[in-house]
Amino acid sequence: MTVFIIRRLMQSTVVMLVMSMIVFIGVYMIGNPVDILINPEATAEEIREVVRSLGLDQPIWYQYGRFLYNALQGDLGESFVFGSPAIDLIFQRMPATLELASAAMLIAVVIGIPLGMWAGLRPTALTSRGIMAGSILGFSLPTFWIGLMMILFFGVTLNWLPTGGRGETGELIGIEFSFLTLDGLSHLLLPATNLALFKLALVIRLTRAGTAEVIHQDYIKFAKAKGLSKQRILFVHVLKNILIPVITVLGLEFGNIVAFAVVTETVFAWPGMGKLIIDSMEVLDRPVIVAYLIVVVFMFILINLVVDILYSVLDPRVRLREVR
């Protein structure tokens, strides 16, 4: 197990280094932030001074080397607009995004796995066909359009739920969370549901396929022959075996939810990292954009590492193959 984890850590370090280079060069070769940030009536001398103060007069390889050196010490640069460390701006918005993503994933798992198992156990039933048809809609409809329709129906027409913002928050271990207050929960419900719909459809289809395959295996027939209760067969033998691919996909998809919460945060004015990155792109605030992308890449790599370890715990054959 130790060799497996060390090998995964080494691979993750190499991936992180390569991705930091791609992200930095990709962002710093697009546009010129000085054209946006500086007064249009500034003189040529003032423009040169701004370019020099931002370090933009140096060659790209030198800028990347300096960024990498500072990043190893926890400094991802200073925002051109706010004049404060970019990583601090990211961390200020991160709890809101993680709360939204966690709530969306929770909705997808709590609703998706039971529905998927039901559809897998009764593939010809009318309810199962309805569940699968609903999952297709979850894949097909654009997130922003569903979000707008939810605002129009639940917020404007029925006036049941607020349409934007984070609402009143409560504090837990020094971090503000919306789910700690009723007002915050009412603000969280619509964006979390909107963000969860695509993942919900994915969980339903994965669970349904896994259940349909596992239910016909010999060990399930043997368990039935032994007279085990239906609940024990489902929750011990079936659920345990279908969870391996579901955990793998959900682990990877959690990174996707965080990274692509931009649309939902924009539609519902949710004050998370996605809203910050959109605002930073409008003014070419390169340090904030790079810091956001580096944090997202790091989260992807960390989640993959955790998923690999969980996968090896659930199925030791994976770990043994890696060691060989």
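One can find the structure itself at the top, above this paragraph.
To keep things clear, this report deals only with the structure shown in the data block.

What counts, and at which threshold
- For every chain, the first residue of its written sequence is number 1, and the numbers climb from 1 along that sequence.
- In view of the model being predicted, local features appear only for residues whose pLDDT reaches at least 70, and side-chain atom pairs are presented and counted only at 80 or more, with totals across whole chains, interfaces and linings using the full set of residues.
- Side-chain calculation: all heavy atoms of the structure are included, whereas hydrogens and water are not.
- A helix here means a DSSP run of H or I that spans at least four residues, while a strand means a run of E at least two residues long, and both kinds are numbered starting from the N terminus.
- Relative accessibility under 20% of the residue-type maximum defines a buried residue, over 50% an exposed one, and the middle range a partly exposed one, all with a 1.4 Å probe and only protein chains included.
- Contact between two residues is taken to exist if any of their heavy atoms lie within 4.5 Å; hydrogens are not considered.
- For accessible areas, the Shrake-Rupley method is used with a probe of radius 1.4 Å. Any residue's cover is judged against the shown protein chains and nothing else.
- In this tally, Lys and Arg are treated as positive and Asp and Glu as negative; His is ignored, and so are the chain termini.
- For the purpose of locating charges, the reference atoms are NZ of Lys, CZ of Arg, CG of Asp and CD of Glu.
- Ring pairs shown here join Phe, Tyr and Trp side chains whose ring centres sit within 6.5 Å, with only the six-membered ring taken for Trp; geometry is labelled stacked below 30 degrees between planes, edge-to-face above 60, and tilted in between.
- Note on geometry: a ring has a charge over it if NZ (lysine) or CZ (arginine) is within 6 Å of the ring centre and within 35 degrees of the ring normal.
- By definition, a salt bridge exists where a carboxyl oxygen of Asp or Glu is found within 4 Å of a side-chain nitrogen of Lys or Arg.
- Residues belong to a common nonpolar core when they are buried Ala, Val, Leu, Ile, Met, Phe, Trp, Tyr or Cys residues joined through side-chain atoms within 4.5 Å.
- Only protein atoms enter the 1 Å grid used here. Points where a 1.4 Å probe fits but cannot escape make up a cavity, open sets with protein on both sides within 12 Å along at least five of seven lines make up a pocket, and a residue lines them when an atom lies within 4 Å of a point.
- Grid points are joined across faces, edges and corners, and a volume is the space filled by probe spheres set on the points.
- Amino acid classes used here: Ala, Val, Leu, Ile, Met, Phe, Trp, Tyr, Cys and Pro are nonpolar; Asp, Glu, Lys and Arg are charged; the rest, including Gly, are polar.

Regarding the overall build of the chain
Helices and strands together make up the secondary structure of the chain, namely 14 helices and two strands. When burial is assessed residue by residue, the chain has 40% of its 324 residues classed as buried. By sequence separation, contacts in the chain at least 24 residues apart represent 74% of the contacts at least 6 residues apart. Accessible surface computed for the chain: about 17800 Å², of which carbon and sulfur atoms make up 67%. Here the chain holds 24 positive side-chain charges and 24 negative ones, and the gap between their average locations is 23 Å.

A word on the packing of aromatic side chains
The tally for this structure, following the rule as stated, stands at seven aromatic pairs. Their ring planes at 55 degrees and their centres at 5.4 Å tell us that F177 and F179 sit as a pair that is tilted. Classification of F177 as buried rests on a relative accessible area of 16%. Classification of F179 as partly exposed rests on a relative accessible area of 39%. Lying over the aromatic face of W118, R122 brings its terminal NZ or CZ to 4.0 Å of the ring centre.

Structural notes on the pattern of salt bridges
This model, assessed by the stated rule, comprises one salt bridge. Note that R166 is salt-bridged to E99, the shortest N-O span being 2.8 Å. Here the residue R166 occupies a position in the loop between helix 7 (143–157) and strand 1 (170–172), and E99 occupies one in helix 5 (residues 86–121), the gap between them amounting to 67 residues. As far as the burial class goes, R166 and E99 line up, both buried.

Remarks on the nonpolar core
Looking at soluble globular proteins, one finds that nonpolar side chains tend to be buried together. If you look at the biggest cluster of nonpolar residues, it comprises 72 residues, and the most contacted ones within it are F67, I90, M117, V238, V290, Y292 and I294. A per-element tally of this core places helix 5 first, with 15 residues. Excluding anything up to four places from it in sequence, I90 contacts M273, L276, V288, A291, Y292 and V295. Counting six residues, the second largest nonpolar core, distinct from the first, contains M150, L161, L190 and F268.

Digging into empty space enclosed by the protein
Under the criterion given, the structure shown has one cavity of 30 Å³ or more. Empty space within the largest cavity amounts to approximately 40 Å³. For the lining of the largest cavity, the secondary-structure elements that each account for two or more residues are helix 7 and helix 8 (182–214). Broken down by element, the lining of the largest cavity gets its largest block of residues, three residues, from helix 8. Among the residues making up the lining of the largest cavity, the classes are represented as four nonpolar, three polar and no charged.

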